[in-house]
Each structure stands twice: as C-alpha cells, then as structure tokens.
Amino acid sequence: WLSALRFDNLALRSLPVDASEAGGPRAVPGACFCRVRPSPLQNPRLVAMSLPALALLGLEAPVADREAAEAEAALYFGGNRLLAGSEPAAHCYCGHQFGSFAGQLGDGAAMYLGEVLGPRGERWEIQLKGAGLTPFSRQADGRKVLRSSIREFLCSEAMFHLGIPTTRAGTCVTSDSKVIRDIFYDGNPKNERCTVVLRIASTFIRFGSFEIFKPPDEYTGRKGPSVNRNDIRIQMLDYVISTFYPEIQEAYSDNSVQRNAAFFKEITKRTARLVAEWQCVGFCHGVLNTDNMSIVGLTIDYGPFGFMDRYDPEHICNGSDNTGRYAYNKQPEICKWNLGKLAEALVPELPLEISELILEEEYDAEFEKHYLQKMRKKLGLIQLELEDDSKLVAELLETMHLTGGDFTNIFYLLSSFSVHSDPSKLEDFLEKVTSQCASLEELKVAFRPQMDPRQLSMMLMLAQSNPQLFALIGTKDNINKELERIEQFSKLQQLTADDLLSRNKRHWKEWLEKYRVRLQKEIESVSDADAWNADRVKVMNSNNPKYILRNYIAQNAIEAAENGDFSEVRNVLKLLENPFQEAESFGEVKEDAEEEGATAAAAACARETSSRLPYCSKPPLWASELCVT
C-alpha cells in the first residue's frame, strides 16, 4: 500500500546536514539537520488513520485488505521499518520559551522522514513524532505516549476541518513499549504506552529555526549553536522563500533586502490571520514559544491545547502556565512578540528598522480586520459592514462572560434567533441560551479558592513587608485573581439557581435586543428578506461549529484507548471531519466495538461511552477537574 509514496527530499539537499554520526544529546553547530534512525516499537498497532490527510500523499483508502494495510501502516509509521526513499533526520532550532531564550532545542522527539510528492505535484514533509532519541532529546527519551498522541492526532485534523491552517496527522500508532511519565509533576509516575503520530505539512520549519544564529542572550547567557554563520541564514532564507513563497522570490529576485521584507510582511499577515481564526473558535494553543510558530503560518505542535468551554477571556489551557502568559486573550499580543523575535533573528539579512516598521504597520490591522470579518460571519452580518459591529461583538463576549456562556454552543444557537419580536419566541430562545450558561454548581467549581487561607494571608503580608522577596515567589496578578475568586465564591454562596437564571435572562435579553436591531438594518438593505435569512443561516452554520474537540471528549477517547478500544478515537475523528453538520444520532458515527475486535474490558468501556453525553453537549462537571500540562 505504501509503495505508492514518492520521495524527493529537497530540504536535505538545500540545507546543511551535520556530518557527525555521534549519538546521544549534543550541540549541533553549523547544520540545520542531523541524520537519525527511528527506534523500533514492540508490537506496533494502528489506533486510527485519517484518510483525508493520507490522500495528500497520494494514498487512497485500502480497498482489498484493510487489515494488511493497517498492519503495514503500523510498521512503517511506527518507525519499525523505513520507507524506500526516506532519509530520517532531526531538525535543529532554538526558541524563546515563556519569554526567555532557551538555546538549542531541536526535534527532540520528532523525525523528518522526507518529502513526499502528492498527486498534483505538491510537496509534503512527513514526520514521525515520538519515534525515539535524537541529538536534541536533552534529558528526555524521544518518546510520546498514547494520551498526548491521541490529542495531537485528533486536534490536527479537527483544526483542518474547521478551516484553520494547520499541520495534519495521517496515523496514530501505539505499542507495548512503555515509558514512565509523571503526568502532573506531583511525584506519581506511571507506565504509559509509547505512541507515534505521522505528521504532515508543507514544512515544519519554524521561527526558532532562524534563532540558531543568536549570540549569547543578555538575560540567560545562552546562545544558538551556529553563531556567526550568516552564510547558513542566507541559505535558509533562500530555501524558505523560493520553496514556500515562490511569488515573492520571483518578484524580488534581484534585491534580497526587498525580498526578505516582502517575506516578513507576508508571514506577519499570515500569523495575524491565524491567531484571529483561533480567537474566533475559542482555541488556546497553550505553548506559544517561538519554536512552536510555523514559518508558513500553520498551527503547529499540539501539546496542552484546549478549546474554551465557558467563555473566559483569561482562560489558561496549560496547567504549567502559572503566570497566564499564554492565556486566551494574550494570544494575539504573544504572536506579535514572537514575530519581533523572528525579526531579530533575520538581522543582518533584513535590517531591524525595516522589519519593526512592517510589524507595527501590518500586524494589528490585519488581525483586527480578519477577526471582525470572521465575527460578522459568525453573527450572520452578511450585508452591511457597520462601524458599531465591533462593539456588538465585544458586548456579546461580555454577556457570555457575565453569564458563563458556552462559547461554541451559544454561537451555534444564534442562527436560530428570530428577528421578529414575538415575545413567546424570544422567551423560548432565552430558555435555550440560558441552558448553555454555567449552572450555579459549575460556577462554584470555577471560582473555588485555590490557596490555603493561611498561605494567602502570609503572601499578602509579605507583599507589604518585603516586596523583593514576594516578587521571587509570587505575582501580584495571581494574588489579585485569588482575591477575586474568593469574592466571587462568597457571592455565589448567597445566590439561588432561580436568581442566577433570571439574572442571565436579563443580560441576554439586553444583548439580543441590540442584535435584533442590527439584523433589522440588514433586512432594510435587501429586497428579499426570506432569501437574506436563508443566506444568513447558511453563512452562520458554516462558520459556527457544532462539534469541537473538547477536553472531555478527548479524555473519553483516551480512556477507551488505554483500555484497548480504539473505536472512540475513530468515532471522534469521523465527527470532527464534519464539525458544522448535525450528526443524525450518536449511533451514526459509532463503530461496532465487536468489529474492532475489542476485548471484554474494552467492550465494557465502549458501552459506557455510548451512554455518555452527546458530542455537542456542554462539558459535564467532572471535566472542570481535567488538567493538561
């Protein structure tokens, strides 16, 4: 089945490859890649495959013997055998992690296999993530486990089908090989299955790829492995621009500074549009370091990501992000900061005064334009573009925040809002909207104080008496947030469920009246109101997903898979391939557990799964306890 893959490994021909064959973690100076070999797995087997992603490589769904094709995919995409024409290599890059320069990082668990020519001549780099040790593995083992691999596999495909630029995932292969992981860094390690994801993208080169030339950092003292190698920086720019931005190469072939400026302008605009798309579906990346930013504007490296459930502008999806650097509302400014670091990494080939001007002139304007365009579609404002539209969006989000509204489900509901001010219809709609707001119980969990009162009291005294020491062990923001939580929690104790419902209805009634007035202006500008309404609903339903990869959905699939039943991963994948369409019923996407050859334990797990909430449901209460690090 896989013999159809045709390799042409342009990156290894165009960029320097390290000549050393030495194993183990080491510095890799003067090179963009070094040769590696995947480490075999014990008893590799396929968890799931994405046929739309594999079709990019020219692989069609196996017709005759699916079982044999799956076994073949497990062998080759698990790393036990090498495909003819592949040349495994690990890519060298650096990065600013949580704002500080970390020096050499590189592909510590991922391996470039080569570049496959697709059926229409396009070129796709394929990678194995979790395939074993490389010179960049540092103190780690180069392996990934089942839970993190399932999350990356499903989210890569979910994002693509949402229409958001992303790397793709072709297969997920697990095994009987085990590694020890301390999931929450709390001293409770456990054995987990080694798992490998096949990742697909035009390139996995990132902002950090250009940071390998960085001289010693003034704060951390760390430096890139290829300081003073401007010849390699020129090679990388020539390769990236001619391969992935050919129209820019063609337009400025005789002036490298103008060419590099045009390239920086384009990646600035792509990044701004990308993060606008994230904000509009409530996606939080979790680790927006410069080494996790794609040089072609894709969502890359899915780790502790999360789709927001209850709308909270300060939502932090990464349990390790103690300061909230990568919170939902910080993503636009962080991506801009990262572009600033890319600009520094391109000097002297692009002078900083040119790139900084481009960044200031282009980024915010592009982000705001794209964000508002997308939000207008989500609200069905298809006819007019009015100045007050951004205010309407801001007031909607504020209403969601005040009422603990479910971000995805409320947007999805709005297409059924009737413009005609019929009181009974409005009351029915208010019932639907408020059912998607957080219950009293959910709010109490969300605002439960997180510090021991004695600890908080000590921190407050310390902030007064010894601000320097306080700055080392805590932040003012964290203390203020804890005080806010205590205040909110105290108010919630006095509130009844009926009080909460009537308050939520009041907030939504106020905003819906403003929305109705805005829709009325749309109607007044068209000749056929029914045709306009049909178009409005169509646009809204193709911009507001019904299904997203919520953490609890991923967790259910992970738990089933850890018990040997992969059917739930496959069900969820199928569902996420059509995020805007109503699935007829839960059973429509449910595969037969017996057909999957599930064990008795797995079949029991599958029965439990089938009795769970519908995939479009607000998360259950237990989901608020999920922590992804």
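Since the structure is predicted, the reported quantities are computational estimates derived from the model, not experimental observations.

A count of helices and strands for the chain gives 22 helices and 13 strands. Relative to the 2.2 N^0.38 estimate, which gives 25 Å for 629 residues, the radius of gyration of the chain is 26 Å and therefore close to what a compact globule would have. The principal-axis extents of the C-alpha atoms in the chain amount to approximately 75 × 65 × 60 Å. A buried classification covers 54% of the 629 residues belonging to the chain. Sequence-distant contacts in the chain: of pairs separated by 6 or more residues, those separated by 24 or more amount to 74%. When the accessible area of the chain is evaluated, it comes to approximately 27400 Å², of which 50% is carbon and sulfur surface. In the chain, 71 positive and 89 negative side-chain charges are present, and the distance between their average locations comes to 2 Å.

The buried fraction of strand E11 (residues 190-201) amounts to nine of the 12 residues, a majority that puts the element mostly inside the structure. With five bridges connecting them, strand E8 (residues 123-129) and E11 associate as antiparallel partners. Bridging from a neighbouring strand, Ile126 pairs with Ile200 of E11. Examined bridge by bridge, strand E9 (residues 144-145) and E11 share two bridges and lie antiparallel to one another. Residue pairing in the sheet places Val145 in a bridge with Cys194 of E11. As defined by bridge partners, strand E10 (residues 168-181) adjoins E11 across 10 bridges and the pair is classed as antiparallel. Bridging across to E11, Arg181 finds its partner in Lys190.

We now examine the packing of helix H5 (residues 230-244) against helix H7 (residues 256-281). At a minimum axis distance of 11 Å, the contact between H5 and H7 shows a crossing angle of 65 degrees. When you trace H5 past H7, the crossing you get is left-handed. Side by side, H5 and H7 meet where Leu237, Asp238, Val240, Ile241 and Phe244 of the first sit next to Arg259, Asn260, Phe263 and Arg270 of the second. For the contact of H5 with H7, the residue count by class is five nonpolar, one polar and three charged.

This next bit is on the side chain of His370. One can find His370 in helix H9 (residues 352-378). Discounting residues that sit within four places of it in the chain, His370 has contacts with Arg273, Ala276 and Glu277.

In this section: the nonpolar core. A general tendency of soluble globular proteins is for nonpolar side chains to be buried together. The biggest cluster of nonpolar side chains holds 162 residues, and the ones touching the most others in it are Phe77, Phe210, Phe264, Leu379, Leu414, Tyr515 and Leu549. Among the elements that make up this core, the one with the highest residue count is H7 (12 residues). Not counting residues up to four positions away in its chain, the partners in contact with Leu414 are Leu379, Leu396, Phe429, Trp511, Leu512, Tyr515, Arg536 and Met540. If you look at the next biggest cluster of nonpolar residues, it comprises six residues, including Ala438, Leu440, Leu443 and Leu492.

Before going further, it helps to examine the environment of Gly221. Of note, Gly221 is situated in the loop between E11 and H5. Through-space distance from the C-alpha of Gly221 to that of Gly103 is 8.9 Å; in sequence the pair is 118 residues apart.

Let us look at a nonpolar patch on the surface. Taken together, the side chains of Leu460, Leu483 and Ile486 present a nonpolar region at the surface, about 210 Å² in accessible area. In this fold, Leu483 is placed in helix H16 (residues 476-494). Using a relative accessible area of 36% as the deciding quantity, one classes Leu483 as partly exposed.

Moving on: the environment of Phe489. If you trace the backbone, Phe489 turns up in helix H16. For Phe489, a relative accessible area of 24% corresponds to the partly exposed category. Leaving out residues up to four positions away in the same chain, Phe489 has contacts with Lys444, Phe447, Arg448 and Pro449.

For the coordinates displayed, the defined rule picks out 45 salt bridges. Put simply, Lys514 and Glu395 hold a salt bridge, and the shortest N to O gap is 3.5 Å. A residue pair is termed long-range when its members are at least 10 positions apart, and Lys514 in helix H17 (residues 497-524) and Glu395 in helix H10 (residues 389-403) qualify at 119 residues. Taking the relative accessible area as the measure of exposure, Lys514 reaches 40% and is therefore partly exposed. Salt bridges sharing partners connect three or more residues here, namely Lys129, Glu152, Arg199, Arg206 and Asp301.

Of all residues in the chain, 95% attain a pLDDT of 70 or more, and the chain-wide mean is 92. Counted against residues more than four places away or in other chains, residues 585-610, with its pLDDT under 50, gives 33 contacts.

Relative to each other, H17 and helix H18 (residues 529-541) sit at 125 degrees, their axes nearing to 10 Å. Put simply, H17 runs oblique to H18. The way H17 lies across H18 gives a crossing that is right-handed. For the pair H17 and H18, the contacting residues are Tyr515, Leu519, Glu522 and Ile523 in the first and Ala529, Trp532, Arg536 and Met540 in the second. Here the residues of the contact of H17 with H18 are counted per class, giving six nonpolar, no polar and two charged.

With four of five residues buried, strand E3 (residues 45-49) is to be regarded as a mostly interior element. Pairing analysis gives four bridges linking E3 to E10, with the strands arranged antiparallel. Pairing of Ala48 across the sheet is with Cys172, part of E10.

Along an α-helix, residues three or four positions apart point the same way, because every turn accommodates 3.6 residues. Within helix H20 (residues 567-576), nine of the 10 residues are buried, which leaves the element mostly enclosed by the surrounding structure. Every buried residue of H20 is accounted for by Ser567, Glu568, Val569, Arg570, Asn571, Val572, Leu573, Leu575 and Leu576.

Now for unusual backbone geometry. Note that the residue after Val347, namely Pro348, is joined by a cis bond; omega there is 10 degrees. As for its placement among the helices and strands, Pro348 is situated in the loop between helix H8 (331-345) and H9. Its identity is not glycine, yet Arg138 carries a phi of approximately 50 degrees, on the positive side. Among the secondary structure elements, Arg138 is positioned in the loop between E8 and E9. With relative accessibility at 44%, the residue Arg138 sits in the partly exposed group. Unlike most non-glycine residues, Asn228 shows phi in positive territory, near 70 degrees. Looking at where Asn228 falls in the secondary structure, it is placed in the loop between E11 and H5.

Scanning all chains against the criterion turns up 18 aromatic pairs. With centroids separated by 5.4 Å and ring planes inclined at 50 degrees, the aromatic side chains of Phe33 and Tyr112 adopt a geometry described as tilted. Of the two residues, Phe33 sits in strand E2 (residues 33-35) while Tyr112 sits in strand E7 (residues 110-117), which places them 79 residues apart along the sequence. Residues Phe33 and Tyr112 agree in their burial class; the two are buried. Ring geometry for Tyr552 against Trp622: centres 6.3 Å apart, planes inclined by 85 degrees, an arrangement best described as edge-to-face. Here Trp622 lies in the segment after helix H22 (600-610) and Tyr552 lies in helix H19 (residues 551-562), a separation of 70 residues in the sequence. The exposure class of Trp622 is partly exposed, given its relative accessible area of 40%. Three or more aromatic residues link up through ring pairs in this structure, and these residues are Trp278, Phe283, Tyr302, Phe305 and Phe307.

What counts, and at which threshold
- Residues numbered from 1 in each chain as written.
- Predicted model: local features only at pLDDT ≥ 70, side-chain atom pairs only at ≥ 80, totals over all residues.
- Heavy atoms only, no water.
- Helix = DSSP H or I, 4+ residues; strand = E, 2+ residues; numbered from the N terminus.
- Rg over C-alpha atoms; globule rule 2.2 N^0.38 Å.
- Buried < 20%, exposed > 50% of the residue type's maximum accessible area, 1.4 Å probe, protein only.
- Contact = heavy atoms within 4.5 Å.
- Areas by Shrake-Rupley, 256 points an atom, 1.4 Å probe, with all protein chains shown as cover.
- Lys, Arg positive; Asp, Glu negative; His and termini not counted.
- Charge placed at Lys NZ, Arg CZ, Asp CG, Glu CD.
- Pairing = 2+ DSSP bridges.
- Axes fitted to C-alpha atoms, helices over the stretch in contact; angles between N-to-C directions.
- Left-handed = near helix turned anticlockwise from the far one by under 90°.
- Nonpolar A, V, L, I, M, F, W, Y, C, P; charged D, E, K, R; others polar.
- Core = buried A, V, L, I, M, F, W, Y, C linked by side-chain atoms within 4.5 Å.
- Patch = residues over 30% accessible without salt bridge, like charges linked within 9 Å, V, L, I, M, F, W, Y side chains within 5 Å.
- Salt bridge = Lys/Arg side-chain N within 4 Å of Asp/Glu carboxyl O.
- pLDDT = per-residue confidence, 0-100.
- Parallel < 35°, antiparallel > 145°, perpendicular 65-115°, else oblique.
- Phe/Tyr/Trp six-rings, centres within 6.5 Å; stacked < 30°, edge-to-face > 60°.

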